[in-house]
Protein chains: 4
Amino acid sequence: MTICVTIWNEGRHEKIHSEVAAIYPDRIDGAISAGLAGEGFEIQRACLDDIDQGLPTKTLDATDVLLWWGHIAHEEVGDQLVDRIQSRVLGGMGLIVLHSGHHSKIFTRLMGTNCNLSWRELPEGELERVWVVAPSHPIAEGLPPYFEVPQSEMYGEPFDIPTPDDLLFLSWFKGGEVFRSGCAFQRGRGRIFYFGPGHETFPIYHNIHVQRIIINAIRWTKQPHASGRILENWHRADPIHI
Amino acid sequence: MTICVTIWNEGRHEKIHSEVAAIYPDRIDGAISAGLAGEGFEIQRACLDDIDQGLPTKTLDATDVLLWWGHIAHEEVGDQLVDRIQSRVLGGMGLIVLHSGHHSKIFTRLMGTNCNLSWRELPEGELERVWVVAPSHPIAEGLPPYFEVPQSEMYGEPFDIPTPDDLLFLSWFKGGEVFRSGCAFQRGRGRIFYFGPGHETFPIYHNIHVQRIIINAIRWTKQPHASGRILENWHRADPIHI
Amino acid sequence: MTICVTIWNEGRHEKIHSEVAAIYPDRIDGAISAGLAGEGFEIQRACLDDIDQGLPTKTLDATDVLLWWGHIAHEEVGDQLVDRIQSRVLGGMGLIVLHSGHHSKIFTRLMGTNCNLSWRELPEGELERVWVVAPSHPIAEGLPPYFEVPQSEMYGEPFDIPTPDDLLFLSWFKGGEVFRSGCAFQRGRGRIFYFGPGHETFPIYHNIHVQRIIINAIRWTKQPHASGRILENWHRADPIHI
Amino acid sequence: MTICVTIWNEGRHEKIHSEVAAIYPDRIDGAISAGLAGEGFEIQRACLDDIDQGLPTKTLDATDVLLWWGHIAHEEVGDQLVDRIQSRVLGGMGLIVLHSGHHSKIFTRLMGTNCNLSWRELPEGELERVWVVAPSHPIAEGLPPYFEVPQSEMYGEPFDIPTPDDLLFLSWFKGGEVFRSGCAFQRGRGRIFYFGPGHETFPIYHNIHVQRIIINAIRWTKQPHASGRILENWHRADPIHI
């Protein structure tokens, strides 16, 4: 069964920062989309400045797995849209939150915490080494024991999230920090995956290991038998055993 | 060190339903407060219809552990108050959510899910047997292997919460259902405890085991060294090891 | 890819108790095997009294998922065989432990606890109602919100296991107990599933919901990319970043 | 109530390696004991070469919290002693496993996995930076956001343990690795804490932050109301609700 993937990208950096446009001439969502080629996914791309902020009900309802990249315009995302996305996740839609999406409305809404972390941006970036701590998890399939992102923005602990249901990746930064960079969560009937690397001024979404992780995460967060319905508040009138 | 406890009770049933007022003539918060006598807590009581919905900033900031009972007026609680409570919990304040508080704004906010469940209310109530599944947890101190609530409202699975960090109690209902009736969660620096029994038309808060659980939960959710500050989003300028 | 399933059954009750032989004329492993028909699994059956206690190295090494039913002869299972099974699980083989297998050497070995529980056997059995608490988990696929086992042996809390990585099913017993009857664990690269119902004197393995759960659990515990190798103690000579 | 602490140390390095004896002239258990001074603990020291391998029943039964340091003689520890320690932990005794104790019989027994990890020993050691990821946990009380161990042996991921019930510390190593260096587990009624730093050729137990962690861990693993009895396999004859 074909998986319907929607890649949502805020899309503002590409408009206003020429160095981002140079690295991602087809925008970040385009680069992510290119990395999914040949996997048989049905892919849609959406941006904040599209009609209905890129996610009209028809699109959202047809999405099996939603990818989310946002950074400088989190506050512009409408609360009613966030309500609808949350409802879809609780009903079984997969959600993959990338990098600075840790502060997006949808992620903090689903986590219940502020998702703060420590961070450092150096113009030239710094080395991030991503270690696999759950090598038999489906999202780690095909990965070496670790891989490196030569230029990355540092995201470090403490990362204010609930304890993940699965901890997949731990990152090491040359400057001296560590980070839970791959975390999976179950909320309602939906699966959520957060992945750290992905700063807009470095070509991280061209990295084949990062691409592999996103592909695996799409397959894992898509759940064939999730009903699409949230768990009801259910009035049971029938105490059949009293 | 004295623990400052604030018992927040919606307080509407007691005004409009005479049978509730008969069971709880001093309101539900009064009954809960009476059950805490002799424990050395410093107790405040607060209601939705009090000034500032019972929780002016000064009160909230002086609270170590907040108890929450609400049911028919969840929607009246102001969003800004919920923001402030959430911030306090993430900074280390304890929170104990009782019975129908599962649908309160503050609980669903902190959980990220809708916290739906199945339920059944019989005029005469039905037997609930509460089993201790984590007997060495501090909240279970002094309890027998199980105890019974002769008249209870049924709350049953599926209960749409994130997997609890600690599962303490499982309830059996005569009518045929089960429920994760005692669940603990860590969010930010704060500890949260949800406890199921507590329907307004039965004298559940007079039960000594229920009182023991609330006392234990107050001690456990109060954390002496929690700083009262949320985890910051922390800009680290200093890569000292590069 | 075909999944190679080995159903291991102690096989003693069927020899010495005629009422068990009457319910399971082809033994318990035969009944379980019949319930897997048409799923495309490659199935082997093994018993304690077979050569090499039914699990010569060749068989074990070719097994993707091992099912384990034992009760009165746990102590006869050889420690070296248990070593080999543990090693295979840590290397990625799936393990499904059924009913009284909670006290088997392999399960207590993998859990690290004694796996004690409370129990009650009535000649006529008693009603067990199995509730699904994780409806979107792959092992719950195709199940109704709950199903009933009309005649069951009571297994109840407290169940002395580590907190499961996934809690799938909770059972209600007519006599007044509850039980975490469906629990999943990750150990090393292997997935483990414990399922409670399955007493030898009742026709539980003929129940279509029980059969569905076992089929789903086989698919879930089989992990296509698990390497079959345990995680090494790995000497890294190369501090490439110092 | 005074906490009775027993510090068990294999004690072999100090006998045969003069450089270890130079750093720890009163042995490792002596150095750990010195770090606990003034806390009001009642402390006993024990070594593998003592009578009954240092842990006669009388000593073990009077121990609230057992610390364990071992390395080159894990196999010499008697299986019956390991049985007794496991039984005590499941009954509520606290256990703190230090550094190379990850491969001790008692730790692998309680975990159910082989507890393998990656490692590198450099003669001069290498910098380990220990990050606090659960700052409000009692074991983290009084710690800064991170601290450094200037000379350490690298222990790195993947670390083959079950998912910890609490993840407290993550270590960064200058050579490029990360490690879950502070992990807490509940098994039966007992609490277990594993802490990574502690190589015998470096003066790590003189570090005040390491001492603080051990002190905190002793208080946390000691549980006032744990009964000292394991959870029974409990025959319940009385189905009072059928």
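Preceding block: the structure.
In this report, we go over the structure that sits alongside the text. (Residues numbered from 1 in each chain as written. Chains lettered and ligands numbered in written order. Predicted model: local features only at pLDDT ≥ 70, side-chain atom pairs only at ≥ 80, totals over all residues. Heavy atoms only, no water.)

**A word on the overall build of chain A**
Logical step 1: From N to C terminus, chain A includes 7 helices and 12 strands.
Logical step 2: By principal-axis analysis of the C-alpha atoms, chain A measures approximately 70 × 40 × 35 Å.
Logical step 3: By the burial criterion, 66% of the 242 residues in chain A qualify as buried.
Logical step 4: Once local pairs closer than 6 in sequence are excluded, the contacts in chain A between residues at least 24 apart make up 72%.
Logical step 5: Distance between charge centres in chain A, computed from 21 positive and 31 negative side chains, equals 6 Å. (Helix = DSSP H or I, 4+ residues; strand = E, 2+ residues; numbered from the N terminus. Buried < 20%, exposed > 50% of the residue type's maximum accessible area, 1.4 Å probe, protein only. Contact = heavy atoms within 4.5 Å. Lys, Arg positive; Asp, Glu negative; His and termini not counted. Charge placed at Lys NZ, Arg CZ, Asp CG, Glu CD.)

**Details of the relation of the copies chain C and chain D**
Logical step 1: Superposition of chain C onto chain D requires a rotation of 180 degrees combined with a translation of 0.0 Å along the rotation axis, giving an RMSD of 0.0 Å. Read as a symmetry element, the transformation amounts to a two-fold axis. Considering only C-alpha atoms, the part of chain C nearest the rotation axis is Gly-112 of chain C, at 2.6 Å.
Logical step 2: When the interface residues of chain C are mapped onto chain D, 100% of them again lie at the interface, so the same face is used by both copies. (Least-squares fit on C-alpha atoms with pLDDT ≥ 70 in both.)

**Some points on the interface of chain B and chain C**
Logical step 1: Facing the 17 residues of chain B at the interface are 17 residues of chain C.
Logical step 2: Approximately 1500 Å² of surface area, both sides summed, lies buried where chain B meets chain C, with 70% of it carried by carbon and sulfur atoms.
Logical step 3: Across the chain B-chain C interface, the total number found is 0 salt bridges.
Logical step 4: Seen at the junction of chain B and chain C, the total is 6 residue pairs in polar contact (both at pLDDT 80 or more). (Buried area = accessible area lost by both parts, 1.4 Å probe. Salt bridge = Lys/Arg side-chain N within 4 Å of Asp/Glu carboxyl O. Polar contact = N/O pair within 3.5 Å; in protein donor to acceptor, adjacent residues only side chain to side chain.)

**A closer look at the relation of the copies chain B and chain C**
Logical step 1: Between chain B and chain C, the superposition needs a rotation of 180 degrees and an axial shift of 0.0 Å, giving an RMSD of 0.0 Å.
Logical step 2: Interface overlap between copies is the fraction of interface residues in one copy that are interface residues in the other; for chain B against chain C it reaches 100%, indicating a shared surface.

**Notes on the side chain of Arg-189 of chain C**
Logical step 1: Note that Arg-189 of chain C resides in the loop between β10 (178–187) and β11 (190–195).
Logical step 2: Buried and unpaired, Arg-189 of chain C has Glu-232 of chain C as its nearest opposite-charge partner, separated by 4.9 Å.
Logical step 3: Ignoring any residue separated from it by four or fewer positions in sequence, one finds Arg-189 of chain C in contact with Pro-135 and Ser-136 of chain A together with Val-89, Leu-90, Gly-91, Gly-92, Gln-223, Ala-226, Ser-227, Arg-229, Ile-230 and Leu-231 of chain C.

**Looking at the pattern of salt bridges**
Oppositely charged side chains are able to pair whenever their charged atoms sit close together.
Logical step 1: Taken as a whole and judged by the stated rule, the model has 72 salt bridges over all chains.
Logical step 2: A salt bridge links Glu-76 of chain B to Arg-12 of chain B, with the shortest nitrogen-to-oxygen separation between them at 2.8 Å. Here Glu-76 of chain B, found in the loop between β3 (65–69) and α5 (79–90), pairs with Arg-12 of chain B, found in the loop between β1 (4–9) and α1 (13–16); they are 64 residues apart in sequence, far enough to count as distant.
Logical step 3: Note on Glu-76 of chain B: relative accessible area 42%, which makes it partly exposed.
Logical step 4: A salt bridge links Arg-45 of chain C to Asp-26 of chain C; the shortest N-O distance between them is 3.0 Å. Of this pair, Arg-45 of chain C sits in strand β2 (residues 42–47) while Asp-26 of chain C sits in the loop between α2 (18–23) and α3 (27–35), and the two are 19 residues apart along the sequence.
Logical step 5: Taking relative accessible area as the criterion, Arg-45 of chain C reaches 33% and is therefore assigned partly exposed.
Logical step 6: The class for Asp-26 of chain C is partly exposed, based on a relative accessible area of 43%.
Logical step 7: Taken together, the shared-partner salt bridges in this structure form one network comprising Arg-12, Lys-15, Asp-49 and Glu-76 of chain A.

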